[in-house]
Each structure stands twice: as structure tokens, then as C-alpha cells.
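Spelled out, the chains give:
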Amino acid sequence: PTSAQVGVVPHSGRFCYTLDNDLLTTEQRQFYEDNGYLLIKKLVSDEDIERFRKEFLRICKREVNPPGAMIMKDESLKSQFGQSEKVVNKVQDFQEDEELFRYCTLPEVLKYVECFTGPNIMAMHTMLINKLPDSDKQTFLHPMHQDLHYFPFRPASRIVCAWTAMERADQDNGCLIVQPGTHKTTLKPHGYPKWEGKTNKLFHGLLDEDSKTPKVHLVMEKGDTVFFHPLLFHGSGINKTSGFRKSISCHFASSECYYIDVKNTSQEHLEKELEEMVRKKYNATSVELKDIWNFRARLVQGERINL
């Protein structure tokens, strides 16, 4: 199938979204099947999280400058705070930063990832998010969205996000919000929400969100890790505290996944926006979406097959 609107492919047997493994209990597998996410407590050590935090601060201070990383800042705070943790709200595509990329290779994370992708695992998309205090402008509110909107590869059920809280995340500082069971739907049209002046670049959201679907706020402690399906509706609220809310994440996919052509689909406008950004950043004449993903992708376990 080459269409981005590929629905869920039913598997034989009871489980569609997880693979047979010795790690997850039947209850955990059933929870993921029903809800599209699974929270594992205290998966990543305090020591590892402290190392990631220190590296993030080094990036903020420009002591290190990982090639290819997209460092997103709140430009309005720059004059006030200069280049610091108080300004940088996201480091995206940190695959060239050896210290942060360690997250994508942690055995305790990969053993869970394998339950969703199988043994051949690619790290496709990396992010360290530093949600800044944001009481009135709501700059860093991320509208409800499906991550598959950003990905030109399939099948969706062999892709999973691992998202680890680097400190306590709750409703006050803008924890993840999920709509359980929405991973069973197809990919929906996305675009910029109609909030005047409150959207960050590429912070696309669902154009037609069903407000009746129940939302769950995922309260997480430092080191807790949630694994979720790329079609799950999710987002995050604003940080109403004076501190920061950091998380580190990676989207993993089976290397047996394949690229699709997003022309004439709901993802086409995103493709154009992303290609334009990359052309400007690298002064490149022609860039294709597949090239961008090939540049980001890294094999972390097993063998590289398609991606």
C-alpha cells in the first residue's frame, strides 16, 4: 500500500499491536492493544537522566554543537536570558550527539521497543523537550496530534515512541495528554490550529478533534517511560510552574518498514514545509522527504533492511 490512509492491518490471533515476547505480561499487552500506550515506571536511571540533562545544558550554552540538530528557542526570551536553558525549548534530531543518543541505545529501553517493532530496530526521530514556563501566551501548548502525520514510512503498528520523563511531569507543568483507544483510527488531517500567534513551527494539530473522547493526563515521575503508538491522539498542556519540564524521546521503527509516497495525501503539505525548512537551513537546491529521514535514521539493533 502506498496511501498514507492505510488503516490498521488485522493480525491473526489476539494481538495486533504487540509481538510475542517474554517481557510484557498478557495484561500489559492487552492494555496497549486497548489503549495505544503503556507506562513503565522507573525504567531509566537517575544517573543516565542526569547525564542527559548536563549534555542539554552544554548544548544550550553552545559548548557542544551537534551536527544536524535543530535547536528550537523562544526568540522573545533571547534578549532577556541570552543562550540558556531558559530559552531553548527543544533539541530535535540529536542523532549526532553521542551523549544524548545513548538514550536510543539503552538496553532497558530497547528490550521494550522490541515488543512493538521486532528485533531489527531503527532510531528514526529524536527529541529532548524542555517545556518552558508559559502562563499566558501558551506558546508551548502542543495541540492534540498523531505522530504518524510526520512519518513517511509504514506500517504504523511497527513504529513506537519511547518518551521518558526527566523530572516529575504532571498537570501543573504540562504533562503528556493521551486519548486512549484512538490508535485504532486512521491518520487524520492535521494543520496549524487557529490560535492567534500561539503556534510553533511544525506544531501541527488535528483539524477535527473529537472533544468527547476522554483524555488522560499521564502523571510521570523521573525515569518513568511511556511507549505509545504513532496513531494515538496526544499532546501536552502548558507549564504553569516557574521551573522546566524536561523529557527525552525517540521514535523507533522496524527496519523492515518501508517508505511511502505522501503526494496527494493529508501529509503532502507537511512534506513541502519540511523540505523548504531543510533547503533554507542547508542552502540545498533539491531535498526529498526520504533523504531527510535517511539522514536522521540510525540502526540501533539487528540489521538494516528497508529504512
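Rules behind the numbers
- Residues numbered from 1 in each chain as written.
- Predicted model: local features only at pLDDT ≥ 70, side-chain atom pairs only at ≥ 80, totals over all residues.
- Heavy atoms only, no water.
- Helix = DSSP H or I, 4+ residues; strand = E, 2+ residues; numbered from the N terminus.
- Buried < 20%, exposed > 50% of the residue type's maximum accessible area, 1.4 Å probe, protein only.
- Contact = heavy atoms within 4.5 Å.
- Areas by Shrake-Rupley, 256 points an atom, 1.4 Å probe, with all protein chains shown as cover.
- Axes fitted to C-alpha atoms, helices over the stretch in contact; angles between N-to-C directions.
- Left-handed = near helix turned anticlockwise from the far one by under 90°.
- Nonpolar A, V, L, I, M, F, W, Y, C, P; charged D, E, K, R; others polar.
- Polar contact = N/O pair within 3.5 Å; in protein donor to acceptor, adjacent residues only side chain to side chain.
- Disulfide = S-S within 2.5 Å.

Considering the overall build of the protein
Then, number 1: The number of helices and strands found in the protein is seven helices and 16 strands.
Then, number 2: The buried share of the protein, reckoned over its 307 residues, is 57%.
Then, number 3: Of the contacts formed within the protein by residues at least 6 apart in sequence, a portion of 82% connects residues at least 24 apart.
Then, number 4: As displayed, the protein has an accessible area near 13,700 Å², and 50% of this comes from carbon and sulfur atoms.

A short note on the packing of helix H6 (residues 268–282) against helix H7 (residues 289–296)
Then, number 1: Orientation of H6 relative to H7, taken along the N-to-C sense of each, is 65°, at an axis distance of 9 Å. In this structure, the crossing between H6 and H7 has a hand that is left-handed. Contacts between H6 and H7 involve Glu271, Leu274, Glu275 and Val278 from the first element and Leu289, Ile292 and Arg296 from the second.
Then, number 2: Tallied by class, residues from the contact of H6 with H7 come to four nonpolar, no polar and three charged.

Here we look at unusual backbone geometry
Then, number 1: The residue after arginine 154, namely proline 155, is reached through a cis peptide bond having omega 0°.
Then, number 2: Here proline 155 lies in the loop between strand E6 (153–154) and strand E7 (159–165).
Then, number 3: Phi is positive for arginine 62, close to 65°, though the residue is something other than glycine.
Then, number 4: Within the secondary structure, arginine 62 sits in the loop between helix H2 (46–60) and strand E2 (70–73).
Then, number 5: If you check the backbone angles, asparagine 264 has positive phi at about 60° while not being a glycine.
Then, number 6: Within the secondary structure, asparagine 264 sits in the loop between strand E15 (258–259) and H6.

Concerning helix H1 (residues 26–35)
Note that an α-helix has 3.6 residues per turn; residues three or four places apart therefore point the same way.
Then, number 1: Listed in full, the buried residues belonging to H1 are Arg29, Tyr32, Glu33 and Asn35.
Then, number 2: On its buried face, H1 sits against strand E1 (37–40), helix H5 (107–117), E7 and strand E12 (225–228).

Quick look at the environment of glutamine 146
Then, number 1: Tracing the backbone shows glutamine 146 in the loop between strand E5 (142–145) and E6.
Then, number 2: Taking the relative accessible area as the measure of exposure, glutamine 146 reaches 0% and is therefore buried.
Then, number 3: Separated by 37 residues in sequence, glutamine 146 and histidine 183 place their C-alpha atoms 8.6 Å apart.
Then, number 4: There is a polar contact of 3.1 Å between the side chain of glutamine 146 and the backbone oxygen of threonine 186.

Some words on the state of the cysteines
Then, number 1: What the rule picks out here adds up to zero disulfides.
Then, number 2: Left without a disulfide partner, cysteine 104 is nearest to the cysteine sulfur of cysteine 250, which lies 3.6 Å away.
Then, number 3: Cysteine 104 sits in the buried class, given a relative accessible area of 0%.
Then, number 4: The thiol sulfur of cysteine 161 is not disulfide-bonded, and the nearest other cysteine sulfur, from cysteine 250, lies at 7.5 Å.
Then, number 5: On the basis of relative accessible area, cysteine 161 is assigned to the buried category, the value being 2%.

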